[in-house]
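Secondary and tertiary structure notes
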Amino acid sequence: MKKHRQWQRILILSLLSFSVVAPIVLVSQRLKPLTSVGRMEFIEDLANIKYRTDDLRLNAIKQEAAEELKGPKLIVLKEKDFSSVVSHGADENSDSDQSRDAQDASKFLEANDSETNDKGKDEHQIQQNIIRMNSREKEQLNQETGTHDQRLRSQSRRVTDQKVKQMIDQLIRAKAYSSFASPGSNSYLVKELRTRIKEVERAVGEASKDSDLPRSASQKMKSMEVSLAKASHVFPDCSAMATKLRAMAYNAEEQVRTQKNQESYLVQLAGRTTPKGLHCLSMRLTAEYFFLQPEERQFPNQQKLHDPSLYHYAVFSDNILACAVVVNSTIASAKEPEKIVFHVVTDSLNLPAISMWFLLNPPGKATIHIQSIENFDWFSTKYNSILKEQKSYDPRYTSALNHLRFYLPDIFPALNKIVLFDHDVVVQGDLTGLWRVDMKGKVNAAVETCLESEASFRLMRMFINFSDPFLAKRFNANVCTWAFGMNLFDLLEWRRRNITKLYRNYLQLGHKRSLWKAGSLPLGWITFYNQTVALEKRWHALGLGYHSGLGQGDIERAAVIHYDGVMKPWLEIGIAKYKGYWSKHVQYDHPYLQQCNIHE
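We now turn to the structure provided with this report.

Reading the values: the criteria
Residues numbered from 1 in each chain as written. Predicted model: local features only at pLDDT ≥ 70, side-chain atom pairs only at ≥ 80, totals over all residues. Heavy atoms only, no water. Helix = DSSP H or I, 4+ residues; strand = E, 2+ residues; numbered from the N terminus. Contact = heavy atoms within 4.5 Å. Areas by Shrake-Rupley, 256 points an atom, 1.4 Å probe, with all protein chains shown as cover. Buried < 20%, exposed > 50% of the residue type's maximum accessible area, 1.4 Å probe, protein only. Phe/Tyr/Trp six-rings, centres within 6.5 Å; stacked < 30°, edge-to-face > 60°. Expected span 1.5 Å × (residues − 1). Salt bridge = Lys/Arg side-chain N within 4 Å of Asp/Glu carboxyl O. Polar contact = N/O pair within 3.5 Å; in protein donor to acceptor, adjacent residues only side chain to side chain. Axes fitted to C-alpha atoms, helices over the stretch in contact; angles between N-to-C directions. Parallel < 35°, antiparallel > 145°, perpendicular 65-115°, else oblique. Left-handed = near helix turned anticlockwise from the far one by under 90°. Nonpolar A, V, L, I, M, F, W, Y, C, P; charged D, E, K, R; others polar. Pairing = 2+ DSSP bridges.

**Overview of the overall build of the chain**
A tally of regular secondary structure across the chain gives 23 helices and nine strands. A fraction of 77% describes how many contacts in the chain between residues 6 or more apart in sequence connect residues 24 or more apart. Carbon and sulfur atoms form 54% of the exposed surface of the chain, whose accessible area is close to 36000 Å².

**A closer look at the environment of glutamine 268**
Note that glutamine 268 resides in helix 8 (residues 238-272). For glutamine 268, a relative accessible area of 31% corresponds to the partly exposed category. Distance in space between the C-alpha atoms of glutamine 268 and methionine 567 is 8.8 Å, their sequence separation being 299 residues.

**Quick word on the packing of aromatic side chains**
Applying the stated criterion across every chain, the model contains 24 aromatic pairs. Seen from their ring centres, tyrosine 313 and tryptophan 435 are 5.6 Å apart, and the 85° between their planes marks the pair as edge-to-face. Here tyrosine 313 is found in strand 1 (residues 311-316), whereas its partner tryptophan 435 is found in the loop between strand 5 (425-427) and strand 6 (444-447), with 122 residues between them in sequence. Comparing tyrosine 313 with tryptophan 435 shows no difference in burial state: the two are buried. Put simply, the rings of Phe376, Trp378, Phe379, Phe406, Tyr407, Trp482, Phe484, Phe489, Trp494, Tyr503 and Phe528 pair up and form one aromatic cluster.

**Here's the deal with helix 19 (residues 499-512)**
The terminal C-alpha atoms of helix 19 lie 21 Å apart, and with 14 residues this matches the ideal 20 Å at 1.5 Å per residue to within 8%. Residues Ile499, Thr500, Tyr503, Tyr506, Leu507, Leu509 and Gly510 constitute the buried set of helix 19.

**Points about the pattern of salt bridges**
Here the structure, examined in full by the defined rule, presents 15 salt bridges. Here lysine 175 and glutamate 201 are joined by a salt bridge, their closest N and O atoms 3.3 Å apart. You can see lysine 175 sitting in helix 5 (residues 162-180) and its partner glutamate 201 sitting in helix 6 (residues 188-204), a full 26 residues away along the chain. The exposure class assigned to lysine 175 is partly exposed, which follows from its relative accessible area of 37%. As a salt-bridge pair, glutamate 536 and arginine 538 come within 2.7 Å of each other at their nearest N and O atoms.

**A word on unusual backbone geometry**
For residues other than glycine, phi is negative in most cases, and the peptide bonds are mostly trans. Of note in this structure, asparagine 301 is not a glycine but carries a positive phi near 60°. Mapped onto the elements of the fold, asparagine 301 is located in the loop between helix 9 (276-289) and strand 1. For asparagine 301, a relative accessible area of 31% corresponds to the partly exposed category. Even without being glycine, asparagine 530 reaches a positive phi, approximately 65°. With respect to the element layout, asparagine 530 can be found in the loop between helix 20 (521-527) and strand 8 (532-535).

**Topic: the environment of valine 479**
Relative to the helices and strands, valine 479 is located in the loop between helix 17 (469-474) and strand 7 (486-490). What makes valine 479 partly exposed here is its relative accessible area of 24%. Taking C-alpha positions, valine 479 is 9.7 Å from arginine 461, a pair spaced 18 residues apart along the chain.

**Some remarks on the side chain of aspartate 347**
Inspection of the secondary structure puts aspartate 347 in the loop between strand 2 (340-346) and helix 11 (351-360). Here asparagine 350 takes part through its side chain, which lies 2.8 Å from a polar atom of the side chain of aspartate 347. Excluding its chain neighbours within four sequence positions, the residues that come into contact with aspartate 347 are Asp318, Ser372, Ile373 and Glu374.

**Some thoughts on the packing of helix 5 against helix 6**
Running from N to C, helix 5 and helix 6 point in directions that differ by 155°, and their axes come no closer than 10 Å. When the axis of helix 5 is compared with that of helix 6, the two are roughly antiparallel. The hand of the helix 5/helix 6 crossing is left-handed. Counting all contacts with helix 5, which are made through Met167, Leu171, Ala174, Lys175, Tyr177 and Ser178, the residues of helix 6 involved are Leu193, Ile197, Val200, Glu201, Ala203 and Val204. Considered class by class, the residues forming the contact of helix 5 with helix 6 number nine nonpolar, one polar and two charged.

**Here we look at the sheet that holds strand 6**
The seven strands are arranged 3-2-1-4-7-6-8 in an open sheet whose pairing can be described as mixed. Single-partner strands in this sheet number two, and they are strand 3 (367-372) and strand 8. The average angle at which neighbouring strand axes cross in this sheet is 25°, direction not considered. Taken together, the four bridges between strand 6 and strand 8 define a ladder with parallel strand orientation. Bridging from a neighbouring strand, valine 447 pairs with leucine 535 of strand 8. Helix 10 (residues 320-333) contacts strand 1, strand 2, strand 3 and strand 4 (417-421) of the sheet and is inclined by roughly 175° relative to strand 2.

Here it is, written out as structure tokens:
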């Protein structure tokens, strides 16, 4: 029994082996007759199949162009000199050119194919013809693309923010639709709109042009448009949408107005403050000053203070660095610094600090004199009480240092002429020529500010109340105005005309009724009315403390530049591009400035 089963197994295995081996033997016998000629024919067949495939592909392109399919077509050009941005119109032209080239290529291949079959040309010649045709196609495409490249780039630049604007418009519409729903509504459409709003807001972010948008922005725009289409079917009432958008626009305008008012208030507040570093510097210098002996507090060359043949400059300030910049820039720009005498007037609180600064940093060959306003007994007893009664929210307008300019003959009785600087100026050129200006019998020489094309444009009626009959009879509202900041005063003519008494009369009259806005400028206009001679514009450039659009050439050509306005160069709110003219005259490597963390 066992032997019988064993033979059955052997028989079955033998049959299986034969079924596997027999087909292999038969196939090998069939393959033996293939010769080298047969192999060449087989290769030719493969080549024919390849050409037929190309022919079918080109014919497919021809048919696609003939159907004139509409819609945006994107072409990726891998050559380095191709433009990466191609407009829709250029794509259509490129597609039509490719279709014509495809037709020509198809006819060329068909002709060569027929010649191969009829005349028996070899395949090597066909391949060379195809290569030449492809090179011609590439050269033609490169030339056509090059001619359109500049126009396409200019079109791309003109629409660089198109997507950003569309997304912002979508956000406005979506918020308007979502506001139509009742408060607390959790409908599917409201949830979808809120989701889309968050997605688009994240995509837009701080983007100002299309290149700033992420790659997913286009998809999010499409999703938002679908949601907006749903909302338009749910809320088809156009009048309700218009009303809502009108309300949203009004609220946005109110918010902008509030923000502008708040910004203006904060800028004005920042302009009145003193930086922490200046407080630190003042305290350190004051402490050092009181360690000095009385004889060590004296400045040299004090015999020059009353010499009228020298060039006398004055600055009234309580700011240490501002005074230092005015003095340093004037001396650095002067051709004859040994003829310069600087008179600095400050208050008793800042007198030790400013004195100590110039004792540590003497002004070279020039002479300097520092005194306190409290030393002028005649000023504090007679006139200071009137200034304190002036109503103003800005203490700068009622500051005694601000109005001290109207008492120059009393402060400097031995001088004939003097140049008065504001403490927010920088001198960039030699001022010797200023002393030779013909005053024409006038008291004041200043730069005019009555050109409408300039940032410093001012009119008297902007600051003076000409509805008052007293002012209307005595002054012309259209007369040309001028600026403080750098003024040359003829003190002899001032005394002869008794200008200080005229100022006091106007000051008392303005205290009784509202005649002008707070500040010394409108009061100076009427005090020196018909007593001012115009200087050339090159002497004094204005506006660096409030106008960021001044021409660089005008600034650099000016002998004196003025940071009038609240954005002073020593404050953080100062206009950054103008700070360099001021900061180059500050000794930032001084130990006291480094200890007080005062940096450029």
